[in-house]
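Residue strings, one per chain:
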Amino acid sequence: TLHGHGYRFVAPVEVVEEMASTPAPQAVPREAEPLPSNAALVPKIALVIPSPGERRQVTALSGALMPAFALLSGLDLETQQALLEQLEAAVRRVTTRHGGHILQLASDRFSVVFGIPYALEDHAERALLAAMAFHQQWAALGKTWTALFGVPIALGIGVHTGPVVVPPVQETATTLSLAGDVLPVAEHLARHASGTLLISAA
């Protein structure tokens with residue numbers, strides 16, 4: 001039928017009736033998903049029982065500079081770094097030669113243990129030989145440090161033997177956690193050695 005300036009399409013009666021008689025599609029209801037149980041909400045935690053570790057007899061050696069390096073001044077940072085590198089090299093050289101393991105290596109103190117990570121029957125003898133070697137090394141280094149800082153600098157060394165417990169998981173690690181008083185006693189002796197070597201009764 002002409003309507004205005006365009007055409008208007010009128011669907012046949014049978015098409016309109018067919019469209020009206022066709023039912024509209026119905027949405028299929030979805031089944032509700034079951035809620036998770038309380039057990040499913042709890043995270044799974046693996047229970048790890050620590051190993052008891054290994055009990056060993058070892059010897060600890062501790063060295064301390066008097067006065068402490070941090071209290072010294074008057075040198076530029078580059079010169080101080082060069083001195084620290086000389087001390088570190090001497091400690092590593094002596095420790096490696098006598099089969100020790102470095103536990104701590106700071107600017108004015110160091111600690112070495114003998115008998116870890118590998119058991120040594122002569123750990124005490126090795127520690128004493130290393131202690132004398134440290135004093136020989138410091139005989140030359142100490143003169144240089146004393147001349148540069150203008151004050152006498154002494155190296156005190158303490159040695160103590162005793163039992164420790166080493167966790168097996170840490171036996172090959174760089175740092176070791178030792179249970180026992182071996183290291184604290186050696187450090188105490190070193191702080192009171194004042195340029196000499198103090199050995200515990202053990």
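Residues numbered from 1 in each chain as written. Predicted model: local features only at pLDDT ≥ 70, side-chain atom pairs only at ≥ 80, totals over all residues. Heavy atoms only, no water.

Colleague: Can you help me understand the sheet that holds strand S3 (residues 54-66) in this one?
Modeller: As a general point, the strands of a sheet are linked pairwise by backbone hydrogen bonds and lie either parallel or antiparallel. An order of S4-S5-S3-S6-S7 is seen for the five strands of this open sheet, with the pairing classed as mixed. The open sheet is flanked by strand S4 (101-105) and strand S7 (197-199), the only strands paired with a single partner. Going from strand to strand, the sheet's axes swing by 20 degrees on average, the running direction of each strand aside. Relative to S7, strand S6 (residues 154-166) runs parallel, the two being bridged by three bridges. Among the inter-strand pairings, Gly158 is bridged to a residue of S7, identified as Leu198. Here helix H3 (residues 77-97) sits on the sheet and contacts S3, S4 and strand S5 (109-114); the angle it forms with S4, its principal contact strand, is near 160 degrees. (Pairing = 2+ DSSP bridges. Helix = DSSP H or I, 4+ residues; strand = E, 2+ residues; numbered from the N terminus. Axes fitted to C-alpha atoms, helices over the stretch in contact; angles between N-to-C directions. Contact = heavy atoms within 4.5 Å.)

Colleague: Sorry if this is basic, but what is going on with the environment of His123 here?
Modeller: The topology assignment puts His123 in helix H4 (residues 123-149). Of the residues examined, His123 reaches a relative accessible area of 10% and is grouped as buried. With 23 residues separating them in the primary sequence, His123 and Gly100 have C-alpha atoms 8.5 Å apart. Setting aside chain neighbours within four positions, we find His123 in contact with Gln57, Val58, Thr59, Phe114, Gly115 and Thr161. A distance of 2.7 Å separates polar atoms of two side chains, one belonging to His123 and the other to Thr59. (Buried < 20%, exposed > 50% of the residue type's maximum accessible area, 1.4 Å probe, protein only. Polar contact = N/O pair within 3.5 Å; in protein donor to acceptor, adjacent residues only side chain to side chain.)

Colleague: Looking at this model, I keep getting lost on H4. Mind explaining?
Modeller: In an α-helix, one full turn covers 3.6 residues, which means residues spaced three or four apart are oriented alike. Most pronounced at Ala139, the bend in H4 amounts to some 35 degrees. Every buried residue of H4 is listed here: His123, Ala127, Ala130, Ala131, Ala133, Phe134, Trp138, Leu141, Gly142, Trp145 and Phe149. Residues of H4 that are buried make contact with S3, H3, S5, S6 and S7. Immediately beyond the C-terminal end of H4, within one or two residues, lies Gly150, with a positive phi of roughly 80 degrees. (Bend = angle between axes of the 7 residues up to and from the residue.)

Colleague: Please clarify how the environment of Phe114 should be interpreted in this entry.
Modeller: Relative to the elements of secondary structure, Phe114 occurs in strand S5. Take Phe114: its relative accessible area is 0%, and that puts it in the buried class. For the pair Phe114 and Ala127, spaced 13 residues apart in sequence, the C-alpha separation works out to 6.5 Å. Phe114 has contacts with Val58, Thr59, Leu61, His98, Gly99, Gly100, His123, Arg126, Ala127 and Ala130, leaving out every residue within four places of it along the chain.

Colleague: Help me understand the pairing of S5 in this model?
Modeller: Along any regular strand, the residues point their side chains to alternate faces of the sheet. Burial analysis of S5 places five of its six residues in the buried class, which makes it a mostly covered element. Pairing geometry for S4 and S5, over four bridges, is antiparallel. Note that in S5 the partner of Gln104 across the bridge is Ser111. Once S4 ends, the chain turns through three residues before running back antiparallel as S5.

Colleague: Teacher, can you tell me more about the side chain of His98 here?
Modeller: Among the secondary structure elements, His98 is positioned in the loop between H3 and S4. Residue His98 is classed as buried on the basis of its relative accessible area, which comes to 12%. Among the polar contacts listed, one links the side chain of His98 to the backbone oxygen of Val94, at a separation of 3.1 Å. With near-sequence residues (within four places) excluded, His98 lies in contact with Phe114, Arg126, Leu129, Ala130 and Ala133.

Colleague: Looking at this structure, how should I read the confidence of the model for the protein?
Modeller: Detailed reading of the predicted model is not advised wherever pLDDT is low. On average, the protein scores 77 in pLDDT, and the residues at 70 or more come to 68%. Across residues 45-49, where pLDDT falls below 50, the model places zero contacts with residues more than four positions away in sequence or in other chains. Taken together, the stretch residues 170-174 has pLDDT below 50 and engages in eleven contacts with residues farther than four places along the chain or on a different chain. (pLDDT = per-residue confidence, 0-100.)

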